[in-house]
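Observations on chain architecture
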Amino acid sequence: MCGTTVCRVLSHVLLDNSLGDGLADTILVCFMEMRKEVQRGWDETHFGKMGSYYINRTFFFDVHPPLGKMLIGLAGYLSGYDGTFLFQKPGDNYEHHSYMGMRGFCAFLGSMLIPLAYLTVLELSRSLSAALLTAALLTFDTGCLTLSQYILLDPILMFFIMAAMLSMVKYNSCANRPFSAPWWFWLSLTGVNLAGALGVKFVGLFIILQVGWNTLSDLWHLFGDLSLSMVTLGKHLTARILCLIVLPLALYIATYAVHFMVLNKSGPGDGFFSSAFQARLSGNNLHNASIPEHLAYGSVITVKNLRMAIGYLHSHRHFYPEGVGARQQQVTTYLHKDYNNLWIIKKHNSNSDPLDPSLPVEFVRHGDIIRLEHKETSRNLHSHYHEAPLTRKHYQVTGYGINGSGDSNDFWRIEVINRKFGNRIKVLRSRIRLIHLITGCVLGSSGKVLPKWGWEQMEVTCTPYLKETLSSIWNVEDHINPKLPNISLEVLQPSFPEIMLESHMVMIRGNNGLKPKDNEFTSKPWHWPINFQGLRFSGANDTDFRVYLLGNPVVWWLNLLSIALYVLSASVFAVAVQRGAHLPVEVEGLSQVLLRGGGQLLFGWMMHYFPFFLMGRVLYFHHYFPAMLFSSMLTGLLWDTLLRLCAWSLASYPLARCVHVLGILSLLLGTAYSFYLFHPLAYGMVGPLAQDPRSPMAGLRWLESWDF
Amino acid sequence: MLGFLQQPVMVTAEVNLNMVALTAVGLLSRLWQLAYPRAVVFDEVYYGQYISFYMKRIFFLDGSGPPFGHMLLALGGYLGGFDGNFLWNRIGAEYSSNVPVWSLRLLPALSGALSVPMAYEIVWELGFSHCAATGAALLLLIENALITQSRLMLLESVLIFFNLLAVLSYLKFCNSQKHRPFSPRWWFWLVLTGVACSCAVGIKYVGVFTYLLVLGVAAVHAWHVIGDQTLSNVRVLCHLLARAAALVVLPVLVYLLFFYIHLLLLCRSGPHDQIMSSAFQASLEGGLARVTQGQPLEVAFGSQVTLKNVFGQPVPCWLHSHQSTYPMIYENGRGSSHQQQVTCYPFKDVNNWWIVKDPGRHQLVVNNPPRPVRHGDVVQLVHGMTTRLLNTHDVAAPLSPHAQEVSCYIDYNISMPPQNLWRLDIVNRESDTDVWKTILSEVRFVHVNTSAILKLSGVPLPDWGFRQLEVVGEKLFRGYHESTVWNVEEHRYGRSQEQKERELELHSPTQVDISRNLSFMARFSELQWRMLTVRSDDSEHKYSSTPLDWVMLDTNIAYWLHPRTSAQIHLLGNVVIWASASLATLVYALLFIWYLLRRRRRVCDLPEDRWLRWVLAGALCAGGWAVNYLPFFLMEKTLFLYHYLPALTFQILLLPVVLEHISDHLCRSQLQRSLFTALVVAWFTSACHVSNMLRPLTYGDRSLSPSELKALRWKDSWDILIRKY
């Protein structure tokens with residue numbers, strides 16, 4: 001008896017102080033060595049640079065939504081960073097630049113994960129020891145720690161995910177007091193956090209799906225309650241639509257509004273966007289430019305492909321090499337602005353100079369047969385039945401003829417998408433196709449990069465497949481015609497919804513474009529939960545200061561084991577209930593925690609992990625971390641419940657209660673000790689690599705694939 | 001005892017004439033003029049080449065699907081006495097007289113024909129009327145796209161057949177569950193479900209979606225069995241075990257059986273050998289087996305070997321060197337060591353031979369007895385023809401500057417010492433003292449000085465490197481990747497002391513003797529893995545389409561055009577059926593949600609048994625449509641209209657179900673019901689009419705005039721071939 005009392009007292013002391021301690025600890029742990037390391041690690045080059053772009057207000061393109069980078073930029077701005085550091089290659093020194101604000105911001109959000117997880121598990125299990133165990137698992141995980149030390153999007157993303165989860169769980173527990181102040185508070189906070197998660201990275205969608213599923217089952221439950229009138233149900237539904245759909249959507253759109261407002265100067269991202277979009281950016285040559293609106297014969301133009309990052313139709317004084325189709329002048333696409341992008345529109349049948357002031361202006365119309373003459377070399381855009389250099393099923397496109405006179409293979413029919421015959425063609429706005437008259441093929445770019453002989457520009461082909469794909473649609477960007485009045489481009493500026501839509505299309509295509517190349521070492525989703533391989537953050541050689549992103553193997557393997565154990569124990573309980581077994585009251589309560597609370601966490605883990613198996617893009621180890629948070633929470637909840645069950649089943653023996661306390665304590669101490677062993681991974685190590693037996697880390701290389 | 005004598009022996013037979021009639025018209029519609037056209041139609045050109053391989057028993061690798069489908073087609077060829085001699089290279093080519101067209105097309109046509117009575121059975125087993133069941137069968141019968149697809153040597157109709165068989169036998173199993181569980185009939189249908197599922201998966205990977213659907217429905221039913229408290233625990237366990245055995249274990253075994261037969265049939269080496277590992281190739285007759293037979297197993301100091309890269313991307317290749325050196329300065333201005341090039345070369349060549357040398361000794365011959373090389377030993381690799389040593393050093397590689405250049409060392413006397421020691425790391429070792437074995441061992445070479453790893457970067461070198469593939473010393477990455485792993489393919493013990501003799505020895509073929517056998521599981525897992533990872537490069541096709549085009553039939557595929565007249569075959573569905581099936585799915589979904597919500601508020605529009613019947617029909621038919629259709633949105637391969645046919649079949653089964661439901665439950669008065677019946681009859685007549693109008697494009701038996709063809713082009717997006725005279 002005496003023993004049990006001591007244990008209980010001990011555990012209470014331990015548990016009561018835990019929240020404050022845990023928080024203080026983690027913040028300390030995160031910040032402890034941040035100051036020491038002044039080299040930039042890994043992706044910091046990327047996101048740090050984007051922070052600078054916000055401060056300098058230059059437009060850039062990134063595959064992620066803007067909120068995360070905006071927050072980084074804001075943190076930098078508030079802490080006095082002036083945006084002048086170049087972020088060129090990993091390993092440069094920060095020198096005098098003030099980077100602490102940005103790092104501190106990320107580290108703060110990263111350390112907030114632990115109290116959030118603590119509160120979530122506490123709410124789900126009503127057990128301090130489960131919550132404490134979860135907090136310890138996350139505090140002592142080297143992976144979470146490493147990821148929160150740098151200027152990255154992941155700590156921000158994980159913060160919003162966890163905050164959304166916590167507020168969802170909180171509003172679930174307010175279900176018995178609907179429409180009370182805390183209920184509204186947690187519901188709308190869920191919405192805010194959802195907007196935050198989606199605003200940082202598109203994978204925030206997974207937590208939205210989870211909350212959506214939770215809301216649906218919640219509504220389904222309410223709907224089955226016959227004591228509620230249809231009016232009350234309507235109120236419930238409206239409240240959720242307002243807080244979980246309208247509010248997040250408004251916030252998400254607002255972040256974009258701010259993003260476009262702040263970034264109003266031309267920058268490195270211009271080429272990815274359409275001509276009309278670029279007209280918004282000051283410094284871009286389309287900004288405030290005034291050009292003639294309708295195409296006429298004799299106009300000098302540049303032609304831009306509508307697919308992202310293909311560029312302008314281009315030609316130069318170099319021939320296709322021997323053995324690659326006909327030995328005529330190359331035609332490519334080129335992303336930068338250049339005199340060689342200029343083409344002159346001519347009539348197919350007359351070579352008279354249309355700019356002769358005595359002749360009337362003649363507009364080009366949809367369906368006209370035209371010739372395009374390259375301005376610098378006076379050769380015509382030409383195609384014929386030779387196979388294209390890279391895409392063998394398409395025809396080659398060349399520059400042909402001398403001083404503008406060629407043959408009938410130079411004739412193209414110009415067509416505007418979705419237009420009847422006879423209309424004029426607008427600069428920037430008209431989406432046009434060029435159809436080769438003789439072969440009937442369509443001018444397009446395959447997006448493949450030509451070898452050295454083509455200066456690594458992109459291949460242009462004439463495709464015989466008449467499908468309307470963006471790669472065969474073009475628009476006219478620059479337009480010079482002295483005979484036509486210039487009009488201001490202001491009228492052509494796209495509206496905000498159009499900008500939103502376009503930037504999303506560009507981002508989605510950018511994401512899909514991130515494909516792994518052959519023979520590249522890529523991380524596979526099945527590697528992640530088993531902690532198969534880490535990611536080098538900085539330093540590669542034995543003389544460097546090295547930081548290596550790798551989960552604490554003790555924590556991660558415990559998580560893995562716990563998922564299996566959870567599935568097993570939950571199915572035992574579920575089958576027992578289905579078979580109509582009568583459980584004692586205590587066990588009934590524990591099984592509810594296990595099935596309901598644990599079920600939500602397991603669902604969260606699955607939602608944040610399994611979709612990666614379907615993704616075709618390049619994947620990295622750090623994509624697993626949101627799922628890892630859920631799996632750690634599940635571990636905390638599971639072990640606490642199982643130990644309580646053990647204690648209950650041994651209740652007849654003295655000291656039985658100690659089983660629970662001792663179990664929790666040994667798990668806590670075990671993870672703490674493993675953190676002591678593995679902490680150099682996160683805080684950095686110098687000296688020989690671990691495969692060298694002289695290295696102090698040699699004994700810790702438990703898997704051969706760990707290369708720290 | 002002689003009781004049977006006191007009763008007369010009775011045979012009672014019940015013949016459902018509906019079924020007989022449906023089977024007969026099904027056979028008629030699918031088998032009529034089956035051997036016409038006597039030319040290669042569309043994808044027959046693709047499946048045909050594999051049939052020829054089966055007939056000649058030559059090994060091939062096809063990434064498009066598991067081998068069962070190909071084997072079924074080949075069975076048709078075998079029964080027709082096909083010898084495999086036909087050049088499958090062009091759509092529209094006339095078949096020569098040795099090709100038994102009729103028997104090649106017979107199996108798909110039979111499966112298509114039998115799908116018709118099966119549709120009848122499924123709707124009947126779902127608990128709907130004979131009228132609805134006949135309707136479903138007739139709709140399948142007159143669906144033009146299904147007719148076209150089953151009359152040719154293609155696999156979709158066989159896939160549909162097994163999909164329907166799986167659903168049907170599961171329903172039969174379910175219905176006998178209510179009366180007599182564990183009866184022979186119960187067992188028969190349960191086992192047949194499992195077998196049909198694995199046949200469907202064995203034909204095309206997409207069959208797995210129907211399998212998952214059946215598994216899902218079975219899991220829900222099993223959960224009800226668990227909840228049934230009238231059954232004892234032991235009985236519940238028996239139920240669960242029987243289901244697990246028949247629906248999980250059995251399909252896996254049957255799937256393995258397909259591969260077993262496949263590998264048993266294809267025992268000769270062929271054009272796709274190169275993709276497989278050396279060990280696999282050695283298990284085939286001819287090819288590498290002939291070369292590697294009788295090679296010494298253990299690599300010893302002094303062995304002459306060729307080293308093949310295990311990853312083999314972009315092409316399988318061997319470690320290679322030749323007289324040429326790296327250019328002093330590359331195009332981009334970086335310098336090289338100007339030493340002898342080391343590359344990876346995709347063809348057999350005398351320059352692929354390397355000699356394993358002990359760093360402590362000078363001789364290049366094998367001692368007697370041979371001293372085997374073990375894991376962890378330090379070796380030098382001598383290039384056989386130039387006797388230079390494999391070397392790497394801190395010079396950037398030509399095309400992958402983050403990695404080290406690998407060269408054969410030439411001493412230019414410029415204080416750049418040779419660094420030619422490599423530690424052997426056997427990746428698939430069982431113990432740390434394992435011996436390096438020919439073909440079987442997968443090894444890595446770790447550079448002793450810099451701990452770089454010999455790796456194939458896969459980038460083709462420019463002209464100075466003869467477009468061979470670059471080989472580098474990888475410093476950064478030390479984890480496992482197949483491109484750093486090599487195996488010995490050809491091997492012999494070196495005997496010649498002198499360089500001249502050695503060159504002669506290298507040119508001579510290796511000696512012949514015993515063969516090495518891989519276990520079936522090893523061969524299966526390798527073959528399956530390669531099939532899943534092999535990539536087809538062409539992603540563009542004139543008739544490719546997107547899933548959104550399918551629902552309303554916005555696309556078609558021209559299969560065949562008569563060489564002289566304008567008789568042509570198209571994959572073109574019956575628009576009326578497609579549109580009304582899609583509409584029926586929508587109506588079902590809306591009605592289902594409506595009923596579900598009202599049941600939740602305790603308003604029961606349908607009696608309990610009707611409701612369960614309605615849900616099960618939806619789960620199997622609408623569910624079958626969804627699982628066979630929606631995953632295509634996530635697929636990145638080239639898609640065609642025929643990928644939609646399995647989904648369409650399930651959707652068509654749903655049509656009569658919805659119609660009967662509307663007539664029984666939503667038509668309030670007798671008058672409404674009669675009106676509705678009249679409407680249905682009118683609709684069905686129009687479907688028949690459309691089917692008849694499209695018949696010339698389905699069978700390709702009649703040449704239409706250009707104006708008739710133009711009149712048939714009901715949608716602008718349809719591509720009907722009109723000859724210009």
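Since the model is a prediction, treat every value here as computed from it, not as a measurement. In this convention, every chain numbers its residues from 1, walking through the sequence in written order. Each chain is given a letter, starting from A, and each ligand a number, starting from 1, according to the order in which they appear as written. Where local features are concerned, this predicted model is filtered to residues with pLDDT of at least 70; where side-chain atom pairs are given and counted, the filter is 80 or more; whole-chain, interface and lining totals use all residues. Side-chain numbers come from the whole structure's heavy atoms, not from hydrogens or water.

Considering the overall build of chain B
- Runs of H or I in DSSP of at least four residues are treated as helices and runs of E of at least two as strands, each being numbered from the N terminus. What chain B contains, in helices and strands, is 22 helices and 14 strands.
- Only protein chains enter the accessibility calculation, which uses a 1.4 Å probe; a residue whose area is less than 20% of its type maximum is buried, one above 50% is exposed, and one in between is partly exposed. By the burial criterion, 54% of the 725 residues in chain B qualify as buried.
- Working rule for contacts: check all heavy atoms of both residues, and any pair within 4.5 Å makes them a contact. Put simply, of all contacts in chain B between residues at least 6 apart along the chain, 74% involve residues at least 24 apart.
- Residue burial considers only the protein chains on display, and all accessible areas are found by Shrake-Rupley using a 1.4 Å probe. Carbon and sulfur atoms make up 62% of the accessible area of chain B, which amounts to about 31600 Å² in all.
- Where the 59 positive side-chain charges of chain B centre and where its 53 negative ones centre are 6 Å apart. Only four residue types enter the charge count: Lys and Arg as positive, Asp and Glu as negative, with His and the chain ends excluded. Charge placement uses NZ in Lys and CZ in Arg. For Asp and Glu, CG and CD serve respectively.

Here's the deal with the UniProt feature "domain: MIR" (unreviewed entry) in chain B
All names here are of chain B.
- UniProt positions are given in the numbering used here, feature names are shortened, and annotations may be inferred rather than shown by experiment. What UniProt calls "domain: MIR" (unreviewed entry) maps, in this numbering, to residues 296–359, 370–427 and 431–491.
- In residues 296–359, helix accounts for 0% and strand for 41%; the two terminal C-alpha atoms are 22 Å from one another.
- Split by type, residues 370–427 is 0% helix and 40% strand. Its first and last C-alpha atoms lie 23 Å apart.

A few points about the packing of aromatic side chains
- Side-chain rings of Phe, Tyr and Trp, where Trp is taken by its six-membered ring, are said to pair if the distance between their centres is within 6.5 Å; with planes under 30 degrees apart they count as stacked, over 60 as edge-to-face, and otherwise as tilted. Taken as a whole and assessed by the stated rule, the structure comprises 86 aromatic pairs over all chains.
- Between the aromatic rings of B:F59 and B:F280, the centroid separation amounts to 5.2 Å while the plane-to-plane angle is 55°, which identifies the pairing as tilted. Here B:F59, found in the loop between helix 3 (44–56) and helix 4 (67–79), pairs with B:F280, found in helix 12 (residues 278–282); they are 221 residues apart in sequence, far enough to count as distant.
- By relative accessible area, B:F59 is classed as buried at 0%.
- Taken together, the ring pairs connect A:F206, A:W528, A:W556, A:W605, A:Y609, A:F610, A:F612, A:F613, A:F621, A:Y624 and A:F625 into an aromatic cluster.
- Here the guanidinium or amino end of A:K304 rests over the ring plane of A:Y312, the centre of that ring lying 5.9 Å away. Working rule: Lys NZ or Arg CZ, within 6 Å of ring centre, within 35 degrees of ring normal, means a charge sits over the ring.

Observations regarding the pairing of strand 4 (residues 329–334) of chain A
Residues and elements named next belong to chain A.
- The buried count for strand 4 comes to 5 of 6 residues, which makes it a mostly enclosed element.
- Where strand 4 lies against strand 8 (residues 395–400), 2 bridges are found, and the strand directions are antiparallel. Bridge pairing in strand 8 links Q330 to T398.
- In short, DSSP must find at least two bridges between two strands for them to pair. Two strands pair when backbone bridges link them, and strand 4 and strand 12 (residues 458–463) are joined in this way by 2 bridges, in the antiparallel orientation. Residue T333 lies in a different strand from strand 12, and its bridge partner there is M458.

Considering the environment of B:N233
- Relative to the helices and strands, B:N233 resides in helix 11 (residues 233–265).
- Separated by 445 residues in sequence, B:N233 and B:A678 place their C-alpha atoms 53 Å apart.
- Any pair of N or O atoms that falls within 3.5 Å is considered a polar contact. Within protein, one atom must be able to donate a hydrogen and the other to accept it, and sequence-neighbouring residues count only if both atoms are side-chain atoms. Within the structure, the side chain of B:N233 is placed 2.9 Å from the side chain of A:R579, a separation counted as a polar contact.

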